[in-house]
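# Structure at a glance
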Amino acid sequence: MDNIQDSNRRFNAIGWGLLCVLWGITILFDSVPFSLGMLGTGLILIGANVVRVRKGLRSRDENTVLGILALAWAGLELARPILQPVFLFVDWDWAIFAVLLLMLGLILLAREALRIRRSASESPHPNL
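Another point: the pattern of salt bridges. Pairing is possible between side chains of opposite charge, provided their charged atoms come close. If you walk through the whole model with that rule in mind, you get 6 salt bridges. Ionic pairing is found between R60 and E62, a salt bridge with its closest N-O pair at 3.9 Å. Its salt-bridge partner being D61, residue R111 comes within 3.7 Å of it at the nearest N-O pair. One end of the pair, R111, is in helix α4 (residues 92-122); the other, D61, is in helix α3 (residues 61-83), and 50 residues separate them in sequence. Since its relative accessible area comes to 27%, R111 is described here as partly exposed.

Right, dumping it as structure tokens:
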């Protein structure tokens, strides 16, 4: 049990260390685009879960959801120069926020639907 806790503590420390270094570089150097910081954040969060699973530990749902949202945010930021002229009358910052909220809501709803389906299939009385 201590080995699992030690591994979790180690993965958390490494993940937070990588995130802090990445965010520090992104904030300190103006030449590093914000979208690159978001891309790195998503990759670190999802990568931490991949390593956890490969080591036989449970993945963290929060990391996966936040990683997906960070990757989506990075993609939207990278697409900003292409999409902004198409949506002339839209405040692009609010549009990105709205898309991220929609994605978060859909992820949460899908995850709950899967849990309901899984618990219904495990139930000995499917009509109850």
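What follows continues from the structure just given.
This paragraph deals with the layout of surface pockets. For the largest pocket, the calculated volume is near 270 Å³. Along the walls of the largest pocket sit 15 residues, with N12, W16, L19, L45 and N63 positioned nearest its centre. When residues in the lining of the largest pocket are grouped by element, the largest group, 6 residues, is from helix α1 (residues 2-28). Of the residues in the lining of the largest pocket, the class split is 8 nonpolar, 4 polar and 3 charged. Quantified by volume, the second largest pocket comes out at close to 210 Å³. Lining the second largest pocket we find L66, L69, A70, W73, E77, R80, D93, I96, F97, L100, L101 and L104. Those elements giving two or more residues to the lining of the second largest pocket turn out to be α3 and α4. Here the residues of the lining of the second largest pocket are counted per class, giving 9 nonpolar, no polar and 3 charged.

Procedures and definitions
- Within every chain, residues take consecutive numbers counted from 1 along the sequence as written.
- Local features are withheld for residues below a pLDDT of 70 in this predicted model, meaning they are given only at 70 or higher, and side-chain atom pairs are given and counted only at 80 or more; totals for whole chains, interfaces and linings count all residues.
- Each side-chain value is derived from all of the structure's non-hydrogen atoms; neither hydrogens nor water enter the calculation.
- Salt bridge, as applied in this entry: a Lys or Arg side-chain nitrogen positioned within 4 Å of an Asp or Glu carboxyl oxygen.
- Secondary structure elements follow DSSP: runs of H or I no shorter than four residues count as helices, runs of E no shorter than two count as strands, and numbering proceeds from the N terminus.
- Burial classes: relative accessible area under 20% of the type maximum marks a residue as buried, over 50% as exposed, and values in between as partly exposed (1.4 Å probe, protein chains only).
- In this analysis the probe radius is 1.4 Å and the grid spacing 1 Å, with only protein atoms considered; a cavity is a set of points the probe fits into but cannot get out of, a pocket is an open set with protein on both sides within 12 Å along at least five of seven lines, and lining residues have an atom within 4 Å of a point.
- Grid points are joined across faces, edges and corners, and a volume is the space filled by probe spheres set on the points.
- Asp, Glu, Lys and Arg are counted as charged, while Ala, Val, Leu, Ile, Met, Phe, Trp, Tyr, Cys and Pro are counted as nonpolar; the rest, among them Gly, fall into the polar class.

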